[in-house]
Amino acid sequence: MINQQEIKSGFHYFVMGWHFITQKGLRRFVIMPILLNIVLLTGLLWLLVSQISSMIDWMMTFVPDWLNFLSVILLVLSIGMILLLFYFMFTTLSGFIAAPFNGLLAEKLEKMLTGEAINDDNWLDVMKDVPRMLRREWQKLWYSLPKIIGLFLLSFIPLVGQTIVPVLTFLFTAWMMAIQYCDYPFDNHKISFNVMKNALGEQRPQSLTFGGLVTCCTFLPVVNLVIIPVAVCGATVMWVENYRDRLRFDMNFNYRRGNPSTNMVTRSNSTDIRTNNNQIVK
């Protein structure tokens, strides 16, 4: 059964992301990802425009003659599949390029929400942490790559590739967007990728709603230029209200879905964190 409260929460965190990118003290961490986004998006759009016609013709060759009466519908679905693939390329590349800036943005927003600094690192220490951030991006890529390849191979099956696969691709893309942007606040606390992934999976409707909204905004002109910092801010609010307050992990904690161990420490300052959050929103 679909949890409507989690779906509403996904919308809430997406809206909160738009609110916080305008907050004083965060704007400088928002500008650089936007500039990098413009350069990357311009290059990928040029590639898409120059290649989309030949790619559509190639995909339509896999549609048998007896399905010609569905050619218009299949054409639209094929275009959607191509756009989602280009979207995946964009988010993957932008994730590598903007990872250090996104990590800093998540850190500063968390401090604004909770009043607690994650660490007192200077810029030199932050630069030393970049290799770890990039390894994390590789980890996300290797997690998603087999699924993307599987969806790509399924797209060659007549009818299935033009109907079911685009839906599955969208759902998987939404899931990956939740992972991509929620990972920054988790990673700031050195929480492992698997722990983060399992925690998001426990509230999957919320994660898919948030990731789906981010995915849709990526296809909107102008909006797609600012969606990355918006998603980072929204995911950080999600982390503070759902995970940071509820769980405290040590470095060797082996988290199992639905079976938290005694290594988990429950904190008692959830009310204070939410109060700080509400004061900022007002």
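Residues numbered from 1 in each chain as written. Predicted model: local features only at pLDDT ≥ 70, side-chain atom pairs only at ≥ 80, totals over all residues. Heavy atoms only, no water.

(A) Inspection of the environment of isoleucine 7 at higher detail. Positionally, isoleucine 7 belongs in helix α1 (residues 4–20). Taking relative accessible area as the criterion, isoleucine 7 reaches 26% and is therefore assigned partly exposed. Measuring from C-alpha to C-alpha, the distance between isoleucine 7 and glutamine 206 comes to 4.9 Å, with 199 residues separating the pair along the chain. (Helix = DSSP H or I, 4+ residues; strand = E, 2+ residues; numbered from the N terminus. Buried < 20%, exposed > 50% of the residue type's maximum accessible area, 1.4 Å probe, protein only.)

(B) Just the pattern of salt bridges, in detail. One pass over the structure, following the stated rule, counts five salt bridges. Linking aspartate 183 and arginine 136 is a salt bridge whose minimum nitrogen-to-oxygen distance equals 2.7 Å. With aspartate 183 in helix α6 (residues 160–188) and arginine 136 in helix α5 (residues 130–154), this pair connects stretches of sequence that are 47 residues apart. In this pair, the class of aspartate 183 matches that of arginine 136, namely buried. The network of salt bridges with common partners includes Arg136, Lys140, Asp183 and Asp187. (Salt bridge = Lys/Arg side-chain N within 4 Å of Asp/Glu carboxyl O.)

(C) Geometry of a nonpolar patch on the surface. A cluster of nonpolar side chains, contributed by Leu154, Ile157, Ile164, Val167, Leu168, Phe170 and Leu171, occupies part of the molecular surface with about 550 Å² of accessible area. Here the nonpolar patch takes five residues from α6, the largest share from any one element. With respect to the element layout, isoleucine 157 can be found in the loop between α5 and α6. (Patch = residues over 30% accessible without salt bridge, like charges linked within 9 Å, V, L, I, M, F, W, Y side chains within 5 Å. Areas by Shrake-Rupley, 256 points an atom, 1.4 Å probe, with all protein chains shown as cover.)

(D) Structural detail: the packing of α1 against helix α9 (residues 223–244). Contact pair α1 / α9: the axes reach a minimum separation of 7 Å and the direction vectors enclose 115°. In the crossing of α1 with α9, the sense of the turn from one axis to the other is right-handed. Judged by residue contacts, His12, Tyr13, Phe14, Met16, Gly17, Trp18 and Phe20 of α1 engage Val223, Val226, Ile227, Val230, Cys233, Gly234, Val237, Met238, Glu241 and Asn242 from α9. Broken down by class, the residue content of the contact of α1 with α9 amounts to 12 nonpolar, four polar and one charged. (Axes fitted to C-alpha atoms, helices over the stretch in contact; angles between N-to-C directions. Left-handed = near helix turned anticlockwise from the far one by under 90°. Contact = heavy atoms within 4.5 Å. Nonpolar A, V, L, I, M, F, W, Y, C, P; charged D, E, K, R; others polar.)

These figures come from the coordinates and say nothing about function on their own.
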